[in-house]
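What follows is the residue order along each chain.
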Amino acid sequence: MRKFEILDVFAQRAYEGNQLAVFTDSRGLTADEMQHMAAEMHYSETSFIDPDKTDGAYRVRIFTPAHEVPFAGHPTLGTADVVRRLFEGGKADEILLDMQVGRIPVTVRREGERDVYRMRQVEPEFRSQLPASRLAPVIGLDEADFDAAFPIEEVSTGLAHIIVPLRSLDALKRARTNRDAYFALIATTWAKNVMIFCPEPHEPGNHISVRMFADYLGIPEDPATGSGCGCLAGYMVRHRFFGRPEVDIRAEQGYEIDRPSLLHLRARERDGHIEITVGGSVVPVACGEFGA
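In short, a report on the structure. (Residues numbered from 1 in each chain as written. Predicted model: local features only at pLDDT ≥ 70, side-chain atom pairs only at ≥ 80, totals over all residues. Heavy atoms only, no water.)

So, the overall build of the protein
- Along the protein, the regular secondary structure elements total six helices and 18 strands.
- A compact globule built from 292 residues should have a C-alpha radius of gyration of about 19 Å, and the protein, at 18 Å, falls within 12% of that.
- Projected onto the principal axes, the alpha-carbon positions of the protein cover approximately 55 × 40 × 35 Å.
- For the protein, the proportion of its 292 residues judged to be buried stands at 55%.
- A sequence separation of at least 24 residues applies to 65% of the contacts in the protein between residues at least 6 apart.
- Carbon and sulfur atoms make up 45% of the accessible area of the protein, which amounts to about 12000 Å² in all. (Helix = DSSP H or I, 4+ residues; strand = E, 2+ residues; numbered from the N terminus. Rg over C-alpha atoms; globule rule 2.2 N^0.38 Å. Buried < 20%, exposed > 50% of the residue type's maximum accessible area, 1.4 Å probe, protein only. Contact = heavy atoms within 4.5 Å. Areas by Shrake-Rupley, 256 points an atom, 1.4 Å probe, with all protein chains shown as cover.)

Take a look at the structure:
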């Protein structure tokens, strides 16, 4: 029997945010077995922890329903919460996770009524810029809906995304993926995930709204994407989206699929390098045993 927990990540309360299954002991499991278990759970991602700490870090592997990925945001924060509670006595203020992309430190601080976990992401890598004419049929919008002042660009902080700026919340809400056009696009691109955003929130006090589509990974739409929002934060700094070489903003995601999520994005450029952290809250929801 394999024990697991279910958590809502980037959530303000239970049944919001992005759902995550975390298996607390991956020892003895093959990659194929983990992939089948992730497909059975059928969340955006499922993570697997090796509880034997090595050089201060816990080895973690992450799977979508279709593929293993080297890094993903909400599994990083949710897994850190499980490690902190189960293996670190609930006291640690920093957890170090060893992933395929490298070692990711996650800090936790009490902020108001809840703990906020923040992960330091690797420095962003920028690749190709794409014309709006290539993305418009993919997300079912007119070229006039795109913000021509900023590029459509491939960015990665461990998991590559195509970052797509839109003019309005109305356009963001209207977006719908065309699977045929999507798969035709990603057959020629480095990044397989499409992240769209606009500088209008759904709720006062927040700053931007985001959506992310990744049928390639078996995720038609993601409720909250920490990896993609890290890419977005780096993109905003590089292109001075807010007119300065730093951002400290609150991003909304998941509203269009009834999973409201809140992500805290911080990034700044210093000495030619971009530093990025993404944070949010974690709400444990359930636990159980996997019998296969």
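Brief notes about the packing of aromatic side chains
- Tallied over the full model, the rule gives 10 aromatic pairs.
- Seen in terms of ring centroids, Tyr 58 and Phe 87 are 5.8 Å apart; in terms of plane orientation they differ by 20°. Their pairing is stacked. Note that Tyr 58 is positioned in strand β4 (residues 57-63) and Phe 87 in helix α2 (residues 73-87), a separation of 29 residues in sequence.
- For Tyr 58, a relative accessible area of 4% translates into the label buried.
- Among the aromatic residues, those joined into a cluster by ring pairs are Phe 4, Phe 23, Phe 48, Phe 63 and Phe 290.
- Arg 127 extends its terminal NZ or CZ atom over the ring of Trp 190, reaching a point 3.9 Å from the ring centre.
- The aromatic ring of Phe 126 is capped on one face by Arg 238, whose charged end is 4.2 Å from the ring centroid. (Phe/Tyr/Trp six-rings, centres within 6.5 Å; stacked < 30°, edge-to-face > 60°. Lys NZ or Arg CZ within 6 Å of the ring centre and 35° of its normal.)

Some points on helix α5 (residues 179-186)
- Of all the residues in α5, the buried ones are Ala 181, Tyr 182, Leu 185 and Ile 186. Each buried residue of α5 sits inside an arc of 125° when the element is viewed along its axis, so together they form one side. In α5, the exposed positions that point more than 90 degrees away from the buried face belong to Asp 180 and Ala 184.
- Looking at the buried side of α5, the elements it contacts are α3 (132-139), β11 (160-165), β12 (193-198) and β13 (208-214).
- The residue sitting at the N-terminus of α5 and contributing the capping side-chain oxygen is Asn 178; that oxygen lies 3.1 Å from the backbone nitrogen of Asp 180. (Arc of directions from axis to C-beta. Polar contact = N/O pair within 3.5 Å; in protein donor to acceptor, adjacent residues only side chain to side chain.)

Considerations on the side chain of Asp 222
- Topologically, Asp 222 is positioned in strand β14 (residues 219-222).
- It turns out Asp 222 is buried and unbridged, and the closest side chain with the opposite charge, Arg 259, is 9.4 Å from it.
- A polar contact of 2.9 Å, which involves the side chain of Asp 222, links it to the side chain of Asn 18.
- Setting aside residues up to four positions removed in sequence, Asp 222 forms contacts with Asn 18, Ser 44, Met 212, Gln 253 and Ile 257. (Lys, Arg positive; Asp, Glu negative; His and termini not counted. Salt bridge = Lys/Arg side-chain N within 4 Å of Asp/Glu carboxyl O.)

Some words on unusual backbone geometry
- Although it is not a glycine, Asp 55 adopts a positive phi angle of roughly 50°.
- Of note, Asp 55 is situated in the loop between β3 (45-54) and β4.
- Asp 55 sits in the exposed class, given a relative accessible area of 67%.
- Here the phi dihedral of Arg 240 falls at roughly 50°; this positive angle occurs in a residue that is not glycine.
- Counting through the fold element by element, Arg 240 comes out in the loop between α6 (226-238) and β15 (246-253).

Focus: the nonpolar core
- Counting 56 residues, the largest nonpolar core has Leu 97, Leu 232, Met 236 and Leu 265 as the members making the most contacts within it.
- Residues in contact with Met 236, not counting those within four places in the same chain, are Phe 197, Ile 208, Phe 241, Phe 242, Val 247 and Ile 249.
- Ala 181, Ala 191, Cys 198 and Phe 213 belong to the second-largest nonpolar core, a separate cluster that totals 25 residues. (Core = buried A, V, L, I, M, F, W, Y, C linked by side-chain atoms within 4.5 Å.)

Remarks on the pattern of salt bridges
- All chains considered together, the criterion is met by 23 salt bridges.
- For Glu 68, the salt bridge identified is with Arg 61, shortest N-O distance 2.9 Å.
- With relative accessibility at 25%, the residue Glu 68 sits in the partly exposed group.
- Overall, the relative accessible area of 24% leaves Arg 61 in the partly exposed class.
- For Glu 269, the salt bridge identified is with Arg 240, shortest N-O distance 2.9 Å. Of this pair, Glu 269 sits in strand β16 (residues 261-270) while Arg 240 sits in the loop between α6 and β15; the two residues are 29 residues apart in sequence, bridging distant segments of the chain.
- The partly exposed category is assigned to Glu 269, whose relative accessible area is 31%.
- Taken together, the shared-partner salt bridges in this structure form one network comprising Glu 5, Asp 81 and Arg 85.

None of this, on its own, says anything about what the molecule does.
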